[in-house]
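Chain by chain, the residues:
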Amino acid sequence: MASNIISVRNNPRHQTYNLIHQTHIWNNRTSHVTGCHQKQHVKQTSLDCFLEDPSNVVYIEGEDAILTCKISPTSLPVEWLKDGNAVKLNENCEQSNEGTEHRLVIKNVTSDDSGKYCVKVGHFSRKIHL
């Protein structure tokens, strides 16, 4: 009898399925048996750290736009991107956090500030449209 075990990971729930294929040879005849069983697999480092999905922001020119997200306490840095590039922080664009809420404040917003924003923590990210 020969056995092959193949593990397949189901990422959304971090579960592993073992597919077992056995080949039996009996009196010069071959039979195949295939089965599947599930085992729990928890990987703490790959858990998504976003507590809520952020909402898109509607802005009024000349006023401040505030992009927010809630992230579980982590030592990973929070990075804000606009159209795929790192946001330049300055007196008109500030990043802050209070507890689990992280904010990007764009002061005196103009149409040039609109676009696709992304907040990134480790390997995870969420998109926000302004």
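Cut-off values and rules
- Residues numbered from 1 in each chain as written.
- Predicted model: local features only at pLDDT ≥ 70, side-chain atom pairs only at ≥ 80, totals over all residues.
- Heavy atoms only, no water.
- Pairing = 2+ DSSP bridges.
- Helix = DSSP H or I, 4+ residues; strand = E, 2+ residues; numbered from the N terminus.
- pLDDT = per-residue confidence, 0-100.
- Contact = heavy atoms within 4.5 Å.
- Buried < 20%, exposed > 50% of the residue type's maximum accessible area, 1.4 Å probe, protein only.
- 1 Å grid on protein atoms, 1.4 Å probe; cavity = no way out; pocket = protein on both sides within 12 Å on 5 of 7 lines; lining within 4 Å.
- Points joined across faces, edges and corners; volume = space filled by probe spheres on them.
- Nonpolar A, V, L, I, M, F, W, Y, C, P; charged D, E, K, R; others polar.
- Axes fitted to C-alpha atoms, helices over the stretch in contact; angles between N-to-C directions.
- Core = buried A, V, L, I, M, F, W, Y, C linked by side-chain atoms within 4.5 Å.

**Q** Where do I start with the sheet that holds strand S10 (residues 116–121) in this structure?
**A** Adjacent strands of a sheet form backbone hydrogen bonds with each other and so pair up, either parallel or antiparallel. Pairing within the open sheet is antiparallel, and its four strands lie in the order S7-S6-S10-S11. Either end of the sheet is taken by a strand with one partner, and the two such strands are strand S7 (85–86) and strand S11 (124–129). Pairing analysis gives five bridges linking strand S6 (residues 78–82) to S10, with the strands arranged antiparallel. Opposite Glu 79, over in S10, you have Lys 120 as the bridge partner.

**Q** When you look at the confidence of the model for the protein chain in this model, what are you seeing that I'm missing?
**A** Segments scoring low in pLDDT should not have their predicted coordinates read at a detailed level. Looking at the protein chain, the pLDDT average stands at 76 and 64% of residues meet or exceed 70. Residue range residues 1–24 is modelled with pLDDT below 50. Its contacts to residues more than four positions away, or to other chains, number 65 contacts. Within the model, pLDDT remains below 50 along residues 30–45, and this stretch shows 37 contacts once partners closer than five positions in the same chain are excluded.

**Q** Can you walk me through the side chain of His 102 in this structure?
**A** In this structure, His 102 sits in strand S9 (residues 101–106). Judged by relative accessible area, His 102 falls into the buried class, the value being 14%. With residues up to four places along the chain from it excluded, the contact list for His 102 reads Leu 67, Thr 68, Cys 69, Ile 71, Val 78, Trp 80, Ser 96 and Asn 97.

**Q** When you look at the pairing of S11 in this model, what are you seeing that I'm missing?
**A** Two faces, one strand: in a regular strand the side chains alternate between the faces of the sheet. Here six bridges tie S10 to S11, and the two strands are oriented antiparallel to one another. Counted as the bridge partner of Cys 118 is Lys 127 from S11. Once S10 ends, the chain turns through two residues before running back antiparallel as S11, passing Gly 122 with a positive phi of about 60 degrees.

**Q** Teacher, can you tell me more about the layout of surface pockets here?
**A** Gaps between atoms show up when a probe of the same size as a water molecule is rolled over them. Put simply, the second largest pocket is a space of about 180 Å³. When the residues that make up the lining of the second largest pocket are grouped by side-chain class, the tally is four nonpolar, two polar and five charged.

**Q** Honestly, the sheet that holds S9 in this entry has me stumped. Any pointers?
**A** Read across the open sheet, the four strands follow the order S4-S5-S9-S8; overall the sheet is antiparallel. Looking at strand neighbours, the two that pair on one side only are strand S4 (50–52) and strand S8 (93–98), the edges of this open sheet. Between one strand axis and the next, the sheet turns by 35 degrees as a mean value, whatever way the strands run. One ladder, built from two bridges, connects S4 with strand S5 (residues 65–71); its direction is antiparallel. When the bridges of S5 are listed, Glu 52 appears paired with Lys 70.

**Q** Could you clarify how one ought to interpret the nonpolar core in this entry?
**A** Where a protein is soluble and globular, its nonpolar side chains tend to be buried together. The biggest cluster of nonpolar side chains holds 19 residues, and the ones touching the most others in it are Leu 67, Trp 80, Ile 106 and Tyr 117. When contributions to this core are tallied by element, the ones reaching two or more residues are S5, S6, S9 and S10. It is S5 that provides the largest number of residues to this core, a total of four residues. Not counting chain neighbours up to four residues away, the residues in contact with Tyr 117 comprise Leu 67, Leu 81, Lys 82, Val 87, Leu 104, Ile 106, Arg 126, Lys 127, Ile 128 and Leu 130.

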